[in-house]
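Chains, contacts and geometry: an overview
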Amino acid sequence: EWLSGYWRTELSYPRDGPHWTEEFWSWPARGLMVGMRREENGFDRDRRVLDHMRIQLEHDETRLYLLPDQGTTRTYRLVRSSDREAVFEDPGRDYPQRIAYHREGDAIIVMLSRLDDSDQQAWTYRRVPAHPHPSPPPTQ
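Presented here is an overview of the structure given in this document. (Residues numbered from 1 in each chain as written. Predicted model: local features only at pLDDT ≥ 70, side-chain atom pairs only at ≥ 80, totals over all residues. Heavy atoms only, no water.)

Moving on, we come to the pattern of salt bridges. By the definition in use, this model includes 13 salt bridges. Here Arg80 makes a salt bridge to Glu85, at a shortest N to O gap of 3.2 Å. Across the pair Arg98 and Asp117 runs a salt bridge whose closest N-O atoms are separated by 2.5 Å. Residue Arg98 is found in strand E8 (residues 98-104), and its partner Asp117 is found in the loop between strand E9 (107-113) and strand E10 (121-127); the two are separated by 19 residues along the sequence. According to the relative accessible area criterion, Asp117 is partly exposed, its value standing at 42%. (Salt bridge = Lys/Arg side-chain N within 4 Å of Asp/Glu carboxyl O. Helix = DSSP H or I, 4+ residues; strand = E, 2+ residues; numbered from the N terminus. Buried < 20%, exposed > 50% of the residue type's maximum accessible area, 1.4 Å probe, protein only.)

Pasting the structure below:
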């Protein structure tokens, strides 16, 4: 449940300019959470990424399914979880072999790595209101 909501991170790179990534996670229901990740690079606005995700309980095992924008579905098995952490692994994958979500207050940290913790990449997302943008005016 702690992962459900709207999360966003914004970075600025000297060469590329502003870059943002956001994740949306549904509330868990009947052993299923549905997620989406999208990102945009401020320098190249035509480069957008959209990934579909789900966390699903199947046969007494929880799995994370990722469907990258340009790829095939990847499956990771939940190996550790608590009220603030969920760690998924696939030792047969080249990279990432581990995807970890960790909650700290109004932030989540997403860490990608190999099983030996090498090649770590981390992003800190902040929770944002459900509707961060103003609603469009009603049509007449």
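So, next bit.
Quick look at the packing of aromatic side chains now. Tallying each qualifying case throughout the model produces 2 aromatic pairs. Plain terms: the ring middles of Tyr6 and Phe24 are 4.5 Å apart, the flat faces sit at 5° to each other, and that makes the pair stacked. Note that Tyr6 is positioned in strand E1 (residues 5-13) and Phe24 in strand E2 (residues 17-25), a separation of 18 residues in sequence. According to the relative accessible area criterion, Tyr6 is buried, its value standing at 7%. You can call Phe24 partly exposed: its relative accessible area is 27%. When the ring centre of Tyr65 is taken as origin, the NZ or CZ atom of Arg54, which lies over that ring, is 4.0 Å away. (Phe/Tyr/Trp six-rings, centres within 6.5 Å; stacked < 30°, edge-to-face > 60°. Lys NZ or Arg CZ within 6 Å of the ring centre and 35° of its normal.)

All we've got here are geometric facts, nothing functional implied.
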